[in-house]
Amino acid sequence: QKQARKQREDFIAVAAARAPTLLAEPHDWRTIERWLRETEFTWRGTSLGSVEPGAWKRLDARLKATLAPLHDALSAARHEARQERETLIAEAEALAAKATDRDAVSRVKEVQARWQTHSKTIVLPQRDERALWERFRVACNTVFDARRGSRKEAEERMQGQRRTFEVLCERL
């Protein structure tokens with residue numbers, strides 16, 4: 001247990017040395033998230049050895065305090081990302097209301113490109129990501145469906161006119 005305690009203390013020291021470098025600008029949120037996940041997995045695993053419950057509580061509290069700035073920064077970044085995606089959804093919904101405008105499709109594609117860029121920068125928890133994505137997809141599809149519907153309507157109108165013209169030609 002003495003050796004396991006020493007391994008865990010060394011692990012905390014390594015984590016304490018690594019954490020500030022991850023918070024340096026520019027932030028790579030995917031790397032930070034992956035490192036936190038791997039660190040906590042290793043900490044909870046058996047590779048570092050088992051210690052008595054009292055020592056575990058103290059060591060676990062030290063590790064949590066060491067990782068707290070990273071968790072706080074990641075949480076703040078996720079909150080900001082959620083707000084940014086809400087803004088993109090609002091833009092797409094506003095474009096859905098103007099789906100028949102000439103440039104609506106190109107503007108929706110531009111919003112979709114911004115969504116992709118943003119979603120590659122920081123990953124939200126899957127339940128949040130899925131819910132936001134569904135809302136965004138529905139808004140974008142509304143624009144495309146309205147555009148398709150108006151195009152189909154115009155084609156039907158032209159075909160009706162063509163049939164009428166053909167009937168007139170046959171009569172003549």
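Residues numbered from 1 in each chain as written. Predicted model: local features only at pLDDT ≥ 70, side-chain atom pairs only at ≥ 80, totals over all residues. Heavy atoms only, no water.

Asks: Teacher, can you tell me more about the nonpolar core here?
Replies: If you look at soluble globular proteins, the nonpolar side chains tend to sit buried side by side. If you look at the biggest cluster of nonpolar residues, it comprises 40 residues, and the most contacted ones within it are Trp-35, Leu-36, Trp-43, Leu-63, Leu-70, Phe-136 and Val-143. When contributions to this core are tallied by element, the ones reaching two or more residues are α1 (2-22), α2 (29-44), α3 (53-97), α4 (104-121) and α5 (126-171). For this core, the element with the most residues is α3, which contributes 13 residues. For Leu-70, the residues in contact, after removing those within four places along its chain, are Ala-19, Leu-22, Leu-23, Ile-32, Trp-35 and Leu-36. (Core = buried A, V, L, I, M, F, W, Y, C linked by side-chain atoms within 4.5 Å. Buried < 20%, exposed > 50% of the residue type's maximum accessible area, 1.4 Å probe, protein only. Helix = DSSP H or I, 4+ residues; strand = E, 2+ residues; numbered from the N terminus. Contact = heavy atoms within 4.5 Å.)

Asks: Looking at this structure, how should I read α1?
Replies: Between its first and last C-alpha, α1 extends 30 Å over 21 residues, near the 30 Å set by a 1.5 Å rise per residue. For α1, the complete set of buried residues consists of Ala-4, Arg-8, Phe-11, Ile-12, Ala-15, Ala-19 and Leu-22. Viewed along the axis of α1, the buried residues span an arc of 105 degrees, placing them on a single side of the element. Along α1, exposed side chains directed more than 90 degrees from the buried face belong to Lys-2, Gln-3, Val-14 and Ala-17. Each element contacted by the buried residues of α1 is listed here: α2 and α3. (Expected span 1.5 Å × (residues − 1). Arc of directions from axis to C-beta.)

Asks: What exactly am I supposed to notice about the pattern of salt bridges here?
Replies: Oppositely charged side chains may form a pair once their charged atoms are brought near each other. Across all of its chains, the model carries 13 salt bridges by this definition. Ionic pairing is found between Glu-110 and Arg-114, a salt bridge with its closest N-O pair at 2.9 Å. On the criterion of helical spacing, the pair formed by Glu-110 and Arg-114 is a turn pair, its members being four residues apart in helix α4. Classification of Glu-110 by relative accessible area gives partly exposed; the value is 37%. Members of the salt-bridge network, linked through shared partners, are Arg-44, Asp-60 and Lys-64. (Salt bridge = Lys/Arg side-chain N within 4 Å of Asp/Glu carboxyl O.)

Asks: So what exactly am I meant to see when it comes to the packing of α2 against α3 here?
Replies: For any two helices packed against each other, one specifies the crossing angle of their axes together with the interaxial distance. Orientation of α2 relative to α3, taken along the N-to-C sense of each, is 160 degrees, at an axis distance of 11 Å. The angle between α2 and α3 falls in the class roughly antiparallel. Two packed elements cross with a definite hand, and for α2 against α3 that hand is left-handed. Where α2 approaches α3, its residues Trp-29, Ile-32, Glu-33, Trp-35, Leu-36, Thr-39, Glu-40, Trp-43 and Arg-44 are matched on the opposing element by Trp-56, Leu-59, Asp-60, Leu-63, Lys-64, Leu-67, Leu-70, His-71, Ala-73, Leu-74, Ala-77 and Arg-78. Residue classes in the contact of α2 with α3 are distributed as 13 nonpolar, two polar and six charged. (Axes fitted to C-alpha atoms, helices over the stretch in contact; angles between N-to-C directions. Parallel < 35°, antiparallel > 145°, perpendicular 65-115°, else oblique. Left-handed = near helix turned anticlockwise from the far one by under 90°. Nonpolar A, V, L, I, M, F, W, Y, C, P; charged D, E, K, R; others polar.)

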